[in-house]
Amino acid sequence: MAGIMQLLMSEQPILSVNNLSVEFRTRAGVNYAVNDVSFELHRGETLGIVGESGSGKSVSCSALMGLLPKPPAHISENATALFEGKDLLRMKEREMSALRGNRISMIFQDPMTSLNPCMTIGDQVAEPLIIHRGVKRREALQLAIEELARTGIPNPAERAKAYPHEFSGGMRQRVMIAMALITRPSFLIADEPTTALDVTVQKQVLDLLRARQEELGTAIILITHDLGVVRQYAHRVQVMYAGSTIESAPTEELLRHPLHAYTRSLMASIPAMHSRGSRLQTIPGLPPTLRSPVCGCSFKPRNIIGKPELCLTDRIPEMVEHSPGHFVRNCPGCLA
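Owing to the predicted nature of the structure, the values given are computational and were not obtained by experimental measurement.

Asker: Sorry if this is basic, but what is going on with the packing of helix α5 (residues 121-133) against helix α8 (residues 169-181) here?
Answerer: Between two packed helices, both the angle of their axes relative to each other and the distance between the axes serve to describe the pair. Packing of α5 against α8 brings their axes to within 7 Å, and their N-to-C directions diverge by 25°. By the angle between their axes, α5 is roughly parallel relative to α8. Together, Ile 121, Gln 124, Val 125 and Pro 128 of α5 and Val 175, Ala 178 and Met 179 of α8 make up the contact between the two elements. When its residues are assigned to classes, the contact of α5 with α8 shows 6 nonpolar, 1 polar and no charged.

Okay, structure coming up:
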């Protein structure tokens, strides 16, 4: 994977996100959901974004897709998200609609609520070709059947006539992958694509996604709370906590040399990363509500691995490059 990383980093990124902040302004107050997030994504690369529920993973990617309702969502004025040279955050809805489902696709974490229960599987997989490429319905349906076959759906010609409720969870997720990839997108967001699937089906789905990525050269953002999944499928990892990036590095580097107390706590709580019989650790407490701007180290109240007494309280820790390509929040208490 190291050789792949060197090749990726030698090319211009297909997506470059800088200073992304998202607020939700409601009658109850302001929720600071995402704070100053930046990253790059290269062609054929998988970036794993990891963190607990509420850390800002899905909100960040929904902002890139233009899926956040405005209001109440408000994206910072200085934020940019350059995709093939065009700023996704400044596009008009017509421009974004031409990209979404065409050059950019997204796999949602719950296929049952993402698929239309009143349309056949074949019609749903064919729809992006009809809308974005102007393909006639009969030809689009044939291409949809071929795409379903590539994603491992048995007897695809007959199954294309079925409805979502007639498929298992794993098969519905394969349908979502077929829908996302049928237009050969340059960039794909997979938002926890294996939620509620058992381990065997989870591996099948992720292996399928990787195989299709290698075939098409698609850049993928893989959103997950599971470092074990990232370990097997991502080239780089971005760890998020309380709406901010707290550590980012190539996957092997991050897993061998985790620096931030939150990253180390996540790893300590994963059974697959421990020897049999060793003690598992849990992270106490809950993440902050983010109803007020974070001042100081947001992980201080839950820091039991480092030295919380040394955590910053007067300012947000800055991102620094600890080693080539390995960035971390420079909080003395979390790095101890």
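From this point, the narrative continues.
Asker: Is there a simple way to think about the side chain of Ser 60 in this case?
Answerer: Tracing the sequence through the fold places Ser 60 in helix α2 (residues 57-65). Taking the relative accessible area as the measure of exposure, Ser 60 reaches 2% and is therefore buried.

Asker: What am I meant to see in the nonpolar core here?
Answerer: The nonpolar side chains of a soluble globular protein tend to be buried with one another. With 36 residues, the main nonpolar core has Leu 15, Leu 20, Leu 88 and Ile 221 as its most contacted residues. Beyond its immediate chain neighbours, meaning those up to four positions away, Leu 15 contacts Phe 39, Glu 40, Leu 41, Leu 64, Ala 81, Leu 82, Phe 83, Leu 88, Phe 187 and Ile 221. The next biggest cluster of nonpolar side chains, apart from the first, holds 33 residues, and it includes Ala 140, Ala 160, Val 175 and Leu 222.

Asker: Would you explain the pattern of salt bridges in this entry?
Answerer: Pairs can form between side chains of opposite charge once their charged atoms are near each other. For the structure shown, the criterion picks out 14 salt bridges. Between Glu 215 and Arg 212 there is a salt bridge, and its shortest N-O distance comes to 2.6 Å. Pair noted here: Glu 215 and Arg 212 are both in helix α9 (residues 199-216), with a separation of 3 residues, about one helical turn. Using a relative accessible area of 2% as the deciding quantity, one classes Arg 212 as buried. Salt bridges sharing common partners tie together Glu 147, Arg 150, Arg 184, Arg 212 and Glu 215.

Asker: Help me understand α5, please; the structure alone is not making it clear to me.
Answerer: Spanning 13 residues, α5 covers 19 Å between terminal C-alpha atoms, matching the ideal 18 Å at 1.5 Å per step. Of all bends in α5, the biggest is about 30°, found at Glu 127, and the proline Pro 128 comes one to four residues later. Among all positions of α5, only Ile 121, Gly 122, Asp 123, Gln 124, Val 125, Ala 126, Pro 128 and Leu 129 are buried. Where the residues of α5 are buried, they touch α6 (137-150), α7 (156-159) and α8. Gly 134 sits one or two positions beyond α5 and adopts a positive phi of about 70°.

Asker: What should I look at first to understand the sheet that holds strand β10 (residues 236-241) in this one?
Answerer: Neighbouring strands of a sheet are bound in pairs by backbone hydrogen bonds; such pairs are parallel or else antiparallel. On the basis of which strands lie adjacent, the open sheet formed by 8 strands has the order β7-β8-β9-β3-β10-β11-β13-β12 and mixed pairing. Each end of this open sheet is capped by a strand with a single partner; those strands are β7 (104-107) and β12 (319-323). Across the sheet, the mean angle separating the axes of adjacent strands is 20° when strand polarity is ignored. Sitting on the sheet, α9 touches β3 (46-50), β7, β8 (187-191) and β9 (219-224), and the angle it makes with β9 is about 160°. Across the sheet, helix α12 (residues 261-268) lies against β3, β10 and β11 (244-250), angled at about 105° from β10, the strand it touches most.

Asker: Which parts of the structure should I look at to understand the environment of Arg 138?
Answerer: Tracing the chain through its elements places Arg 138 in helix α6. Overall, Arg 138 belongs to the exposed group, its relative accessible area being 75%.

Asker: Can you help me understand unusual backbone geometry in this one?
Answerer: The bulk of non-glycine residues show a negative phi, and the bulk of peptide bonds are trans. A cis amide bond links Lys 70 with the next residue in sequence, Pro 71, at an omega value of -10°. Here Pro 71 shows up in the loop between α2 and β4 (73-75). Residue Pro 71 is joined to Pro 72 through a cis peptide bond whose omega torsion reads 10°. Turning to its location among the elements, Pro 72 is positioned in the loop between α2 and β4. Of note, the phi angle at Asn 19 is positive, near 55°, even though the residue is not glycine.

Asker: Sorry, what's going on with the environment of Phe 108 here?
Answerer: In this structure, Phe 108 sits in the loop between β7 and α4 (111-114). Phe 108 gets classed as partly exposed once you look at its relative accessible area, which sits at 32%. Separated by 65 residues in sequence, Phe 108 and Gln 173 have C-alpha atoms that sit 8.9 Å apart. What Phe 108 contacts, discounting residues up to four positions off in sequence, is Leu 67, Ser 114, Gln 173, Met 176 and Asp 191.

Asker: I tried to follow α6 on my own but got confused; where do I start?
Answerer: Along an α-helix, residues three or four apart share an orientation, since each turn contains 3.6 residues. Taking 1.5 Å as the rise per residue, α6 with 14 residues should run 20 Å; its terminal C-alpha atoms sit 20 Å apart, in good agreement. The complete set of buried residues in α6 reads Ala 140, Ala 144, Glu 147 and Leu 148. All buried residues of α6 project into a common sector of 100° when viewed along the axis, lining one side. Residues of α6 that are buried in the fold lie against α5, α7, α8 and α9. In the stretch just after α6, Gly 152 is the one whose phi turns positive, near 90°.

So, how was this worked out
- Residues numbered from 1 in each chain as written.
- Predicted model: local features only at pLDDT ≥ 70, side-chain atom pairs only at ≥ 80, totals over all residues.
- Heavy atoms only, no water.
- Axes fitted to C-alpha atoms, helices over the stretch in contact; angles between N-to-C directions.
- Helix = DSSP H or I, 4+ residues; strand = E, 2+ residues; numbered from the N terminus.
- Parallel < 35°, antiparallel > 145°, perpendicular 65-115°, else oblique.
- Contact = heavy atoms within 4.5 Å.
- Nonpolar A, V, L, I, M, F, W, Y, C, P; charged D, E, K, R; others polar.
- Buried < 20%, exposed > 50% of the residue type's maximum accessible area, 1.4 Å probe, protein only.
- Core = buried A, V, L, I, M, F, W, Y, C linked by side-chain atoms within 4.5 Å.
- Salt bridge = Lys/Arg side-chain N within 4 Å of Asp/Glu carboxyl O.
- Expected span 1.5 Å × (residues − 1).
- Bend = angle between axes of the 7 residues up to and from the residue.
- Pairing = 2+ DSSP bridges.
- Arc of directions from axis to C-beta.

Fair warning: the whole summary comes from geometry, so function is off the table for now.
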